[in-house]
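Each chain, letter by letter, is given below.
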Amino acid sequence: MARSAILNVMVQAAMKAGRSLSRDFGEVQNLQVSMKGPADYVSQADRKAEDILFTELSKARPGYAFLMEERGLIEGDDGQHRWIVDPLDGTTNFLHGIPLFAISIALERQGQIVAGVVYNPAMDELYTAERGGGAFMNDRRLRVAGRTKLIDTVIGCGVPHLGRGQHGNFLVELRNVMAEVSGVRRLGSASLDLAYVAAGRMDGFWETGLSAWDIAAGILLIREAGGFISDFAGGQNMLDGGSIVAGNEIIQRALLKTVRKPVTPR
Ligand code: IPD
Ligand code: CA
Ligand code: CA
Ligand code: CA
């Protein structure tokens, strides 16, 4: 599989940040950890990985803007491109020694996501996609799962925690989905959740309250793997609105309907 120059830049940056995360994962008890809000942790490992990504990406493409979880928005003078970066997606897993975490890098050109990388260094799984070029895990082409009945599916979700404040309708959504599928999973890393849907490991996924850096790369992975995505309203405002429902064409539509079912009295 031949990668474009820009995708290579992203892969090299992700691998370098991945080596840093892997070193820190081995010594997790020695890391400095602080709280950004209730149950919202950030560690030295997040910051180190973000420093590496910022340095590598700006060296390769000076002038591109950034949206990064820890540094926030950094203006660029290029006017067309923006990196959307989560240096460690799954910090809670990481700090508990659970090897489900990833680096997520997306590139936007004129507001459109054109390239995405999600890398889980603990499992050495590298997910890549370019607009129009398909999605891959390491060198294997990805395709979303083909199941068409909700009853046969395994669906991923995100569980809101204390830091999210309002838990919204999550319990209603969960009850609706549980009643119709064969299993529900919560991995703890939204970028990996989306990568797993692209890889056909999970048939669908829904979550609300996400940020652009959690999902930008994963959205492209799913689209390029033949999947469908919408926000909770059925539109395409996922990056700004933070809600997402994903799957193949049939499962995405069915899941959207199911999560949005009104509460039924018991
Ligand atoms: C979190 C993960 C998690 C999702 C949270 C995110 P972080 O990202 O993606 O799966 O449920 O909403 O904040 O903080 O570990 O990068
Ligand atoms: Ca975080
Ligand atoms: Ca995240
Ligand atoms: Ca993060």
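Residues numbered from 1 in each chain as written. Chains lettered and ligands numbered in written order. Predicted model: local features only at pLDDT ≥ 70, side-chain atom pairs only at ≥ 80, totals over all residues. Heavy atoms only, no water.

Named according to an unreviewed UniProt entry, the chain is Inositol-1-monophosphatase originating from Mesorhizobium ventifaucium. If you open the UniProt record of the chain and go to Catalytic activity (unreviewed entry), you find "a myo-inositol phosphate + H2O = myo-inositol + phosphate". As recorded by UniProt, the Cofactor (unreviewed entry) comment attached to the chain reads in full: "Mg(2+)". (UniProt positions renumbered as here; feature names shortened; annotations may be inferred.)

Overview of the packing of helix H4 (residues 170-178) against helix H8 (residues 249-259)
Remark: H4 packs on H8, axes separated minimally by 8 Å, with the N-to-C direction vectors making an angle of 130°. With respect to each other, H4 and H8 are oriented oblique. On H8, the residues that touch Glu 173, Asn 176 and Val 177 of H4 are Leu 255, Thr 258 and Val 259. Tallied by class, the residues present in the contact of H4 with H8 amount to three nonpolar, two polar and one charged. (Axes fitted to C-alpha atoms, helices over the stretch in contact; angles between N-to-C directions. Helix = DSSP H or I, 4+ residues; strand = E, 2+ residues; numbered from the N terminus. Parallel < 35°, antiparallel > 145°, perpendicular 65-115°, else oblique. Contact = heavy atoms within 4.5 Å. Nonpolar A, V, L, I, M, F, W, Y, C, P; charged D, E, K, R; others polar.)

Section: the domain arrangement of the chain
Taken as a whole, the chain is organised into domain 1 (5-141) and domain 2 (150-259). If you look at the interface, domain 1 gives 38 residues, while domain 2 gives 25 residues. Note on domain 1 versus domain 2: buried area summed over both sides is about 2,300 Å², and carbon and sulfur give 66% of it. For the domain 1 face of the interface with domain 2, the top three residues by lost area are Asp 89, Ile 113 and Tyr 127, together amounting to 24%. Where domain 1 packs against domain 2, one counts one salt bridge. Among the salt bridges present, the one from Glu 125 reaches Arg 201, with a minimum N-O distance of 2.8 Å. Of all the secondary structure elements, the ones that give two or more residues to the side of domain 1 that touches domain 2 are strand S3 (65-68), strand S5 (81-89), strand S6 (102-109), strand S7 (112-120), strand S8 (125-130) and strand S9 (134-137). The class makeup of the residues in the side of domain 1 that touches domain 2 is 21 nonpolar, nine polar and eight charged. (Domains from an automatic or database assignment. Buried area = accessible area lost by both parts, 1.4 Å probe. Salt bridge = Lys/Arg side-chain N within 4 Å of Asp/Glu carboxyl O.)

Considerations on H8
For H8, every residue scored as buried is listed here: Ile 251, Gln 252, Leu 255, Leu 256, Thr 258 and Val 259. Around the axis of H8, the buried residues are gathered within 165° of arc, so they sit on the same side. Looking at H8, the residues exposed on the side facing more than 90 degrees away from the buried face are Arg 253 and Lys 257. Considering only its buried residues, H8 is in contact with strand S11 (154-157), H4, strand S13 (204-207), strand S14 (228-230) and strand S15 (244-247). The N-cap of H8, judged by a side-chain oxygen 3.0 Å from the amide nitrogen of Ile 250 a few residues on, is Asn 248. (Buried < 20%, exposed > 50% of the residue type's maximum accessible area, 1.4 Å probe, protein only. Arc of directions from axis to C-beta. Polar contact = N/O pair within 3.5 Å; in protein donor to acceptor, adjacent residues only side chain to side chain.)

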